[in-house]
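Next come the chains, spelled out residue by residue.
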Amino acid sequence: MGWDSVIIMQEDTAFGGAIAGLVTEALAPNAGIEVVDTIVYDITTNDFAPIFSKAQQSGADFIYLVSSVNSQVVSSQYVKLQVPMGMTGVNVAALGQEFWEDTGGAGGGISTLSPVPSVGFKLDPVSQAFVDTYQAKYDSRPVVPHFNGFNAYHGLKQAMAAAEEAGGFNNDTWVTAMEKQDIKLDLEGEPWLRYAFWGNDEVEPRTGRTYPHNARFDITEPYEDGSPSMVVIQWYEDGSAAVVYPEKYATGEFTVPSWIKK
């Protein structure tokens, strides 16, 4: 996009510091982006006007937000104040079905990138059954489990299957059995979601790196027949959400948010 500099806005948490460090030390240098400054804010902050003002005065091309707590507050104020800077980054609240309501409609039409499954993402029968059971049992937040909810659910099934094979949770035999776990879920006859793990010495062909025990979502090369690593989600004026990209996984169409038209 022609952007050469960024200012980081991070919450004052261990998570915020870790992600800010990742951006500063790895992402920005590799992308040829200069980190002009880092603004650390308290998670109870209610007035972001001075913070956004400082971000503008920095002269940076865009803001990289790192927010996992009360993310809807900074999001809604970004819209309300019509901050004349692009803002990307980590916004955990945007992964929840409640995001539109929590931002008072300021989240309507905002798109984000998220690992799957996400809100607005079509689910295979196994994952849908998990959501149905979850929603029948709980009426608290999140209304729809975040992607890590699915990871934990399927991962627990894998852990128990490995324990059954290994005769318990003995460290040596259980780890070996767990490494072999591979759940492939289909939707309407095609691969949809996968929960597996990279081997200790297995090289990921696109990066040339090894990722021992990391989650593996792709099915086969060229990595187009499994779940996408990221999808674009949009919220609508009625509070619903839908995936709008990639086209194969789309459950809705992109529209220009009313607050952008204004």
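Residues numbered from 1 in each chain as written. Predicted model: local features only at pLDDT ≥ 70, side-chain atom pairs only at ≥ 80, totals over all residues. Heavy atoms only, no water.

(A) Structural detail: the overall build of the protein. Counting secondary structure elements, the protein contains eight helices and twelve strands. Over its C-alpha trace the protein gives a radius of gyration of 20 Å, about what one expects of a compact globule, namely 18 Å for 262 residues. The principal-axis extents of the C-alpha atoms in the protein amount to approximately 60 × 40 × 35 Å. Relative to all contacts within the protein whose residues are 6 or more apart in sequence, the contacts with residues 24 or more apart total 59%. Accessible surface for the protein amounts to roughly 14,100 Å². Of this, 53% is attributable to carbon and sulfur atoms. (Helix = DSSP H or I, 4+ residues; strand = E, 2+ residues; numbered from the N terminus. Rg over C-alpha atoms; globule rule 2.2 N^0.38 Å. Contact = heavy atoms within 4.5 Å. Areas by Shrake-Rupley, 256 points an atom, 1.4 Å probe, with all protein chains shown as cover.)

(B) Region of the structure containing the sheet that holds strand 1 (residues 5-11). Overall, parallel pairing links the four strands, which are arranged 2-1-3-4 in an open sheet. Edge positions in the sheet fall to strand 2 (34-41) and strand 4 (86-91), since each has one partner strand and no second. If you compare each strand with its neighbour and ignore which way they point, the axes differ by 20° on average. Two strands pair when backbone bridges link them, and strand 3 (residues 62-67) and strand 4 are joined in this way by six bridges, in the parallel orientation. Bridged to F62 within strand 4 is G86. Against the sheet, helix 3 (residues 71-80) touches strand 1, strand 3 and strand 4, its axis set at about 170° to strand 4. (Pairing = 2+ DSSP bridges. Axes fitted to C-alpha atoms, helices over the stretch in contact; angles between N-to-C directions.)

(C) Quick peek at the packing of aromatic side chains. A full pass over the atoms with the stated rule returns 13 aromatic pairs. Ring plane angle 20° and centroid distance 4.8 Å describe the contact between W3 and F62, whose orientation is recorded as stacked. Placement of the pair is W3 in the segment before strand 1 and F62 in strand 3, with a sequence separation of 59 residues. Looking at F62, the relative accessible area reads 10%, which means it is buried. Here the aromatic rings of F130 and Y153 are separated by 4.1 Å at their centres, their planes lie at 10°, and the arrangement is stacked. On the criterion of sequence distance, the pair formed by F130 in helix 5 (residues 125-137) and Y153 in helix 6 (residues 147-166) is long-range, its members being 23 residues apart. Its relative accessible area of 30% is what places Y153 among the partly exposed residues. (Phe/Tyr/Trp six-rings, centres within 6.5 Å; stacked < 30°, edge-to-face > 60°. Buried < 20%, exposed > 50% of the residue type's maximum accessible area, 1.4 Å probe, protein only.)

(D) Local environment of the domain arrangement of the protein. Its domain assignment divides the protein into domain 1 (5-115 + 230-249) and domain 2 (125-210). Placing the centre of domain 1 and that of domain 2 at their C-alpha centroids yields a distance of 28 Å. Taken together, the ten residues of domain 1 in the interface contact eight residues of domain 2. Between D102 and R141 there is a salt bridge, and its shortest N-O distance comes to 2.6 Å. Applying the counting rule to domain 1 against domain 2 returns three residue pairs in polar contact (both at pLDDT 80 or more). Grouping the constituent residues of the side of domain 1 that touches domain 2 by class yields four nonpolar, three polar and three charged. (Domains from an automatic or database assignment. Salt bridge = Lys/Arg side-chain N within 4 Å of Asp/Glu carboxyl O. Polar contact = N/O pair within 3.5 Å; in protein donor to acceptor, adjacent residues only side chain to side chain. Nonpolar A, V, L, I, M, F, W, Y, C, P; charged D, E, K, R; others polar.)

(E) A look at the pairing of strand 11 (residues 231-235). Taking burial as the measure, the five residues of strand 11 include five buried ones, the bulk of the element. By the bridge criterion, four bridges tie strand 11 to strand 12 (residues 241-245) in an arrangement that is antiparallel. Along strand 12, the bridge assignment pairs W235 with A241. A loop of five residues connects strand 11 with strand 12, the two strands running antiparallel in sequence, and G239 in this loop sits at a positive phi of about 90°.

(F) Looking closely at helix 6. If you check helix 6, its first and last C-alpha atoms are 28 Å apart, about what 20 residues at 1.5 Å a residue would give, namely 28 Å. Inspection of helix 6 places F147, F150, H154, G155, Q158, A159, A162 and A163 among the buried residues, and these make up the whole buried set. G167 lies just past helix 6 and shows a positive phi near 75°. (Expected span 1.5 Å × (residues − 1).)

(G) Spotlight on the sheet that holds strand 10 (residues 215-216). A sheet is described by the order of its strands in space; here three strands give the open sequence 6-7-10, paired in antiparallel fashion. Unpaired on one side and paired on the other, strand 6 (183-187) and strand 10 mark the two borders of the sheet. Here strand 7 (residues 190-197) runs beside strand 10; their pairing, made up of two bridges, is antiparallel. Across the sheet, the residue bridging to F197 is A215, located in strand 10. Its contacts with the sheet put helix 6 on strand 6 and strand 7, and the angle it makes with strand 7 is roughly 65°.

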